[in-house]
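Architecture and fold: a report
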Amino acid sequence: MLVLERQATAPVTHSLDQAIEGVSLGGYIVSEVKNPVGILIATGSEVSLAVEVQKALAKENILVNVVSLPSWDLFEIQSKEYKEKILPNHLTKRVTIEMASKLGWREYAGPEGKIISVDSFGYSGDPEEVMEAFGFTVDNVVNEFKSL
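Right, let's walk through the structure included here. (Residues numbered from 1 in each chain as written. Predicted model: local features only at pLDDT ≥ 70, side-chain atom pairs only at ≥ 80, totals over all residues. Heavy atoms only, no water.)

**Some details on the nonpolar core**
The biggest cluster of nonpolar side chains holds 36 residues, and the ones touching the most others in it are Leu40, Ile41, Leu87, Ile97 and Val141. Elements represented by at least two residues in this core include exactly β1 (28–31), β2 (38–42), α2 (46–58), β3 (64–68), α4 (80–86), β4 (94–97) and α7 (138–146). When residues of this core are assigned to their parent elements, the largest contribution, six residues, is made by α2. The residues contacting isoleucine 41, other than those within four sequence positions of it, are Val67, Leu69, Leu87, Arg94, Val95, Thr96, Ile97, Trp105 and Tyr108. (Core = buried A, V, L, I, M, F, W, Y, C linked by side-chain atoms within 4.5 Å. Buried < 20%, exposed > 50% of the residue type's maximum accessible area, 1.4 Å probe, protein only. Helix = DSSP H or I, 4+ residues; strand = E, 2+ residues; numbered from the N terminus. Contact = heavy atoms within 4.5 Å.)

Now the structure itself:
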């Protein structure tokens, strides 16, 4: 399946090999920091938003990893060690960013995490205005993370 986004997104700069390997495993760290206090989890076009949020949080000395999780099925068949490496249990401050239903994301956000999603239908307009209305902005995601 080929899924294209409607909004403009900044390219995420990591190697093609890293992306191919990471996608084949269902999930991978896109942008890793030393001593993170939390994780931003996203897929597709939302990954670039997560990277921008990571940069904004870093300006406030809040360090987080960004994880792309494009396939739950593939991720779930990986070893416990691999899953722990990508989503360490001790990092309970997590925000998932998904421009679709929140269904299924609680498992990855964890009981203390937040889910930013869209659970309604029929809103239309300028893509930037729609994204802002649903909270898909750097400022909103930063505030959601900081509220954890």
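**Let's talk about the sheet that holds β2**
Read across the open sheet, the five strands follow the order β1-β3-β2-β4-β5; overall the sheet is mixed. One side of each edge strand has no neighbouring strand; the edge strands of this open sheet are β1 and β5 (114–116). Taking the axes of each pair of neighbouring strands and ignoring which way they run, one obtains an average angle of 25° across the sheet. With three bridges connecting them, β1 and β3 associate as antiparallel partners. Among the inter-strand pairings, tyrosine 28 is bridged to a residue of β3, identified as serine 68. Each of β1, β2, β3 and β4 touches α2; the most contacted strand, β3, lies at about 175° to it. (Pairing = 2+ DSSP bridges. Axes fitted to C-alpha atoms, helices over the stretch in contact; angles between N-to-C directions.)

**Examining the pairing of β3**
One face of the sheet, then the other: side chains in a regular strand alternate in exactly this way. Among the five residues of β3, five are classified as buried, and the element is accordingly described as predominantly covered. Here β3 shows a buried face lined by Val64, Val66 and Ser68 and a second buried face lined by Asn65 and Val67. Taken together, β2, α2 and β3 constitute a β-α-β crossover, and its handedness is right-handed. (Right-handed = clockwise from strand over helix to strand, strands pointing away.)

**Looking at the environment of asparagine 35**
Within the fold, asparagine 35 resides in the loop between β1 and β2. Of the residues examined, asparagine 35 reaches a relative accessible area of 61% and is grouped as exposed. Sequence separation between asparagine 35 and isoleucine 62 is 27 residues, and the spatial gap between their C-alpha atoms is 9.9 Å.

**Re the pattern of salt bridges**
For the structure shown, the criterion picks out four salt bridges. In this structure, lysine 55 and glutamate 52 form a salt bridge, with 3.4 Å as the shortest nitrogen-oxygen distance. Separated by three residues within a single helix, lysine 55 and glutamate 52 lie in helix α2, roughly one turn from each other. Among the ionic pairs, lysine 114 bridges to glutamate 144, the shortest N-O distance being 3.2 Å. Linking lysine 114 in strand β5 with glutamate 144 in helix α7, this pair joins segments that are 30 residues apart in sequence. (Salt bridge = Lys/Arg side-chain N within 4 Å of Asp/Glu carboxyl O.)

**Side note on α2**
The end-to-end C-alpha distance of α2, which contains 13 residues, comes to 18 Å, matching closely the 18 Å that a straight helix rising 1.5 Å per residue would cover. Those residues of α2 that sit buried are Glu46, Val47, Ser48, Leu49, Ala50, Val51, Val53, Gln54 and Leu57. The secondary structure elements touched by the buried residues of α2 are β1, β2, β3, β4 and α7. (Expected span 1.5 Å × (residues − 1).)

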